[in-house]
Number of protein chains: 2
Amino acid sequence: MEPHAHSHSHLHPSLDWQQHTLATLSDAGHRKGGARNAVVELLAAQDCALTAQEIDDRLRDGGRAVGRASVYRVLELLTELRLVQKIEVGQGIARYERHQPDGDHHHHLVCDNCGTIEPFEDPSLEEAIEQVSRRLSFAVDEHDVVLHGACSDCREQ
Amino acid sequence: MEPHAHSHSHLHPSLDWQQHTLATLSDAGHRKGGARNAVVELLAAQDCALTAQEIDDRLRDGGRAVGRASVYRVLELLTELRLVQKIEVGQGIARYERHQPDGDHHHHLVCDNCGTIEPFEDPSLEEAIEQVSRRLSFAVDEHDVVLHGACSDCREQ
DNA sequence: AGGGCTGCGAGACTGGTTCTCATCTAGACT
DNA sequence: AGTCTAGATGAGAACCAGTCTCGCAGCCCT
Ligand SMILES: [Mn+2]
Ligand SMILES: [Mn+2]
Ligand SMILES: [Zn+2]
Ligand SMILES: [Zn+2]
């Protein structure tokens, strides 16, 4: 018995995300546009965060070049709509990745030697952050956690 | 009975820090220099993190102008020696503050509206980070936690 | 099909940070 | 004290991620 194409399975979260994103954009009153579609499609295909530069390069290499301004515009819009997560990894560089529809999210390890990033998640860390946020005078609505160090490759010499 | 000047009291952590810093620099083989001293003295007098720009401005206003390059050089050196902590607050801006000699440290809230920062500390957050770090393949040696939101002033319109 | 408003992109611009290089100076050695 | 030299300093150029500007393109509604 082969799976039905129309079943709303959770086997393809990236497809789910892409459809959900396009629907959300449409609901928010945005028209369709080539640049936006290209960026969304690219982000949907990634498992972890990309820089704006990487997005620009990959689109160009893929034959669908997009203006720099559009890349940033789309990323800003998607971030506002909470469809992507913006991650500041230091040195003035930001990375972007899709937010999981189920609200899950992860944080990152950055290798300060080779620049590799690796995701991790930890419920008790999230819990600790939530508790701190509650007792502060700020209205906290986002948190960045970045662990810096050496990846397994770079550690051994 | 007045306190002895030579007693190594813990009543003036900033003085302790300044002396410790100058000693560490000397031990590491660095000569004395006016720019470095000026930056160290300024950092010693602060309770929370400053941007490079703020450091530059305050030194100029204080009649001890220092070259921009020197400010960054000193901050980089002190960061390498773990004498100051570099904090990335987003938008490509970094802030710097002295590391407490006792190893204590705090993290920051950033108001995304007006840029104000406010320190906070939380042992259970530190504990959570430590536990995560232990189970990962990376050799974690630093962590950044920045909470973004609206400060109490900006929250009420 | 027409018209208006949104989306788009080339390129100028910004601002924090880094680089370059000529000059200065701490401090070691005579 | 005078000399010497490597480290320290500072003015300004360069760099670069990110933002702005503005004229053109194309989506969508009638
Ligand atoms: Mn989290
Ligand atoms: Mn901490
Ligand atoms: Zn690495
Ligand atoms: Zn504020």
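Residues numbered from 1 in each chain as written. Chains lettered and ligands numbered in written order. Predicted model: local features only at pLDDT ≥ 70, side-chain atom pairs only at ≥ 80, totals over all residues. Heavy atoms only, no water.

J.: Even after reading the chapter, I still don't get the protein's contact with DNA strand C, so can you show me in this structure?
T.: Taken together, 23 residues are adjacent to DNA strand C, and Arg31, Gly33, Arg36 and Arg73 of chain A together with Tyr72 of chain B come closest. Taking all atoms of DNA strand C within 4 Å of the protein, the share assigned to sugar and phosphate is 57%. Every element with two or more residues in the surface near DNA strand C is listed here: α2 (34-44) and α4 (68-80) of chain A together with α4 (68-80) and β3 (93-98) of chain B. Broken down by element, the residue count for the surface near DNA strand C peaks at four residues, all from α4 of chain A. (Near = heavy atom within 4 Å. Helix = DSSP H or I, 4+ residues; strand = E, 2+ residues; numbered from the N terminus.)

J.: I keep staring at the protein's contact with DNA strand D and nothing clicks. Help me out?
T.: Lining the immediate environment of DNA strand D, one finds 24 residues, of which Arg31 and Tyr72 of chain A together with Arg31, Arg36 and Arg73 of chain B sit closest. Near the protein, meaning within 4 Å, the atoms of DNA strand D are sugar or phosphate in a fraction of 59%, with bases accounting for the rest. At 3.0 Å, a backbone N or O of alanine 94 of chain A approaches a phosphate oxygen of DNA strand D. At the level of elements, α3 (52-61), α4 and β3 (93-98) of chain A together with α2 (34-44) and α4 of chain B are the ones that each hand at least two residues to the surface near DNA strand D. Among the elements that line the surface near DNA strand D, the one with the most residues is α4 of chain B, at four residues. Of the residues that constitute the surface near DNA strand D, the class distribution is nine nonpolar, seven polar and eight charged. (Polar contact = N/O pair within 3.5 Å; in protein donor to acceptor, adjacent residues only side chain to side chain. Nonpolar A, V, L, I, M, F, W, Y, C, P; charged D, E, K, R; others polar.)

J.: Help me understand the interface of chain B and chain A, please; the structure alone is not making it clear to me.
T.: Interfaces are frequently sized by the accessible area removed from exposure as the parts join. On the side of chain A, 38 residues touch chain B, which itself brings 38 residues to the contact. Taken together, the two surfaces of chain B and chain A that pack against each other cover about 3000 Å², and 59% of this comes from carbon and sulfur. When the area that chain B buries against chain A is broken down by residue, the three leading residues are Phe138, Leu147 and His148 of chain B, summing to 21%. Measuring nitrogen to oxygen at the nearest pair gives 2.8 Å for the salt bridge that ties aspartate 122 of chain B to arginine 135 of chain A. On the surface where chain B and chain A come into contact, there are 17 residue pairs in polar contact (both at pLDDT 80 or more). Contributing elements (two or more residues each) for the side of chain B that touches chain A: β2 (84-90), β4 (107-111), β5 (117-120), α5 (123-135), β6 (139-150) and α6 (152-155) of chain B. The residue inventory of the side of chain B that touches chain A, partitioned by class, reads 17 nonpolar, eleven polar and ten charged. Bridge count for strand β6 (residues 139-150) of chain A against β6 of chain B is eleven bridges, and the pairing is antiparallel. Bridging from a neighbouring strand, glutamate 142 of chain A pairs with histidine 148 of chain B of β6 of chain B. (Contact = heavy atoms within 4.5 Å. Buried area = accessible area lost by both parts, 1.4 Å probe. Salt bridge = Lys/Arg side-chain N within 4 Å of Asp/Glu carboxyl O. Pairing = 2+ DSSP bridges.)

J.: Got a minute to help me understand the pairing of strand β4 (residues 107-111) of chain A in this structure?
T.: All names here are of chain A. Summarising burial for β4: five of the five residues are buried, a large majority. Bridge analysis of β4 against strand β5 (residues 117-120) gives four bridges, and the strand direction is antiparallel. Its bridge partner lying in β5, histidine 107 is registered against phenylalanine 120. The hairpin turn running from β4 into β5, its antiparallel successor, is five residues long, and glycine 115 in that turn takes a positive phi close to 85°. Pairing analysis gives four bridges linking β4 to β6, with the strands arranged parallel. Each residue of the ladder has a partner; that of histidine 108, found in β6, is valine 146. (Buried < 20%, exposed > 50% of the residue type's maximum accessible area, 1.4 Å probe, protein only.)

J.: Would you mind going over unusual backbone geometry with me for this structure?
T.: Among all residues except glycine, the phi angle is most often negative; among peptide bonds, the trans geometry is most common. Residue and element names in this part refer to chain B. Of note in this structure, arginine 82 is not a glycine but carries a positive phi near 65°. Considering the arrangement of structural elements, one finds arginine 82 in the loop between α4 and β2. Exposure remark for arginine 82: the relative accessible area of 41% places this residue in the partly exposed category. Even without glycine at this site, glutamine 91 takes up a positive phi of about 55°. Relative to the helices and strands, glutamine 91 is located in the loop between β2 and β3.

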